[in-house]
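Given next are the chains, with one letter for each unit.
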Amino acid sequence: MRELGVYIHVPFCNSKCAYCDFTSGVYGDDVKRRYFVRLESEIRSFDFSDATAVSVYFGGGTPSSVNASYIADTLALLKNRIAFADDAEITVECNPESFDEEKAQIYADSGVNRLSFGLQSGNNMLLETIGRRHTVSDFLNAIRRARRYFGNYSADIMLGLPKQTLSDVRDTLDILNDEGVPHISAYSLKVEKNTRLYRDGYAPDDDLCADMYELVHEELVKCGLYRYEVSNFAVKGKECRHNLIYWKRGEYVGFGVAAHSFFCDTRSENTSSLRDYISGDYKPLKHYISPRGAEAAEETIMLALRMSEGLDIKAFDGTFGGDFIKDRERILKPLVDNGFVSVDNGRLSLTDKGFYVMNEIIVRLIG
């Protein structure tokens, strides 16, 4: 029985944030209704034979911006189409202002057991600057409501926002730690084209972002969270199991506009056109990856080094042949000697110092 993660993309929001380049937008009720009809059809057409869902993740967009019955009905359909592991993790992304008591009750009754909140900042002026609709008070109400229904929840914050200071980041961390949030994701802002921040000509200060990231790491470790992936910190046992599937190169299937899948050694991607998705007038892009080829090896290295546990050297050699350490000795020696990577108990992993230059290290190792 193969284990699968299932991703459901909900491309609807109540407004568009200044930094957002995701496939999402503000649409009316009729578009939402037709979207979920098409989503049901796509799910019904997939062959889940011999598969067990170990995680389901409703992302977006803002899943909490739609009527909760859409989430509950989609989850019920999935449970009719695929077996669920007894301990399956089922997550819904929420914005604080659109998560109310009714949604909490419906989500819990339908089997959702984890929520992911987009806080982004604990500074109300910054939230307004980036186009967020919620306030810090909204977030506190939402997280306290979530605790009454769910034993697992997380919050996202962003680093490098316009006029954001180290003091702002510290205040945000204090809010999260005071509330005992067991999982925190901290993402450095990347300004993408087709966003308001890009049109405004904004560019984050890389040095300041690095200082913010260091502060996040130091403060969260003090509060009992550990960095299990470059941007993700959690209390032991509260790691996001769905995202671990991605980083461990496990199999997952995605449904909805712009959704991605990795299944049967094939990466596929749905159309990013909402119109074409709803009409069904598209063919997913597909790319086969030989399971023992160079591309698979590069993906394995790249994804493993994002995680604190790093790369299992013996497993890598067994899958792809050769001797990872000897084949890369010339590259690895200075990285080890200068404290950027460590080789311990059969695993290659980045040090705290190495995480700051992760991309450069990965390029060297797969080059």
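Residues numbered from 1 in each chain as written. Predicted model: local features only at pLDDT ≥ 70, side-chain atom pairs only at ≥ 80, totals over all residues. Heavy atoms only, no water.

1. Section: the packing of helix H6 (residues 166-178) against helix H8 (residues 206-222)
Quick note on the threshold: To obtain each axis, a line is fitted to C-alpha atoms, and for helices this fit is confined to the stretch in contact; angles are then taken between N-to-C directions over 0 to 180 degrees. Numbering of helices and strands runs from the N terminus, with a helix taken as a DSSP run of H or I at least four residues long and a strand as a DSSP run of E at least two residues long. Oblique is the label for every angle not falling under 35 degrees (roughly parallel), over 145 degrees (roughly antiparallel), or within 65 to 115 degrees (roughly perpendicular). Should the near helix be turned counterclockwise from the far one by less than a right angle, the crossing is left-handed, whereas a clockwise turn marks it as right-handed. Between two residues, a contact is recorded if the distance between any of their heavy atoms is within 4.5 Å. Residue polarity is assigned by list, with Asp, Glu, Lys and Arg as charged and Ala, Val, Leu, Ile, Met, Phe, Trp, Tyr, Cys and Pro as nonpolar; anything else, Gly included, falls into the polar class.
As a packed pair, H6 and H8 sit with axes 10 Å apart at the nearest point and diverge in direction by 25 degrees. As the angle between them shows, H6 and H8 are arranged roughly parallel. For the pair H6 and H8, the crossing hand works out as right-handed. Where H6 approaches H8, its residues Leu166, Val169, Arg170, Leu173 and Asn177 are matched on the opposing element by Leu208, Asp211, Met212, Leu215, Val216, Glu219 and Leu220. Tallied by class, the residues present in the contact of H6 with H8 amount to eight nonpolar, one polar and three charged.

2. A short note on the pairing of strand E9 (residues 252-255)
We apply this condition: Think of it in three bands: with a 1.4 Å probe and only protein chains considered, a residue is buried below 20% of the maximum accessible area for its type, exposed above 50%, and partly exposed in between. Paired strands, as defined in this entry, are two strands with at least two bridges between them according to DSSP.
Neither face of E9 is exposed, since Tyr252 and Gly254 on one face and Val253 and Phe255 on the opposite face are all buried. Note: strand E1 (residues 2-10) against E9, four bridges, orientation parallel. Of the residues in E9, the one forming a bridge with Gly5 is Tyr252.

3. Here's the deal with the packing of helix H14 (residues 329-337) against helix H16 (residues 358-366)
As a packed pair, H14 and H16 sit with axes 9 Å apart at the nearest point and diverge in direction by 155 degrees. If you check the angle between H14 and H16, you find them roughly antiparallel. Remark: the crossing between H14 and H16 carries left-handed chirality. Contact with H14, carried on its side by Ile331, Leu332 and Leu335, involves Ile361, Arg364 and Leu365 of H16 and no other residues of that element.

4. A look at unusual backbone geometry
Put simply, Gly60 and Gly61 share a cis peptide bond, and its omega is 15 degrees. Topologically, Gly61 is positioned in the loop between strand E2 (51-60) and helix H2 (68-81). Not every positive phi belongs to a glycine, and Ala258 is a case in point at roughly 65 degrees. Inspection of the secondary structure assignment puts Ala258 in the loop between E9 and strand E10 (260-263).

5. Notes on the nonpolar core
Note the threshold: Buried Ala, Val, Leu, Ile, Met, Phe, Trp, Tyr and Cys residues form a nonpolar core when they are joined through side-chain atoms within 4.5 Å.
Membership of the largest hydrophobic core comes to 89 residues, with the highest contact counts inside it found for Phe99, Tyr107 and Leu115. Here this core gets six residues from one element, more than from any other, and that element is helix H5 (residues 136-149). With sequence-adjacent residues up to four places away left out, Tyr107 is seen in contact with Pro63, Ser64, Ala68, Ile71, Val92, Cys94, Phe99, Val112, Leu115 and Phe150. Among the nonpolar cores identified, the runner-up in size contains 10 residues, and Tyr7, Ala234, Trp247 and Ala259 belong to it.

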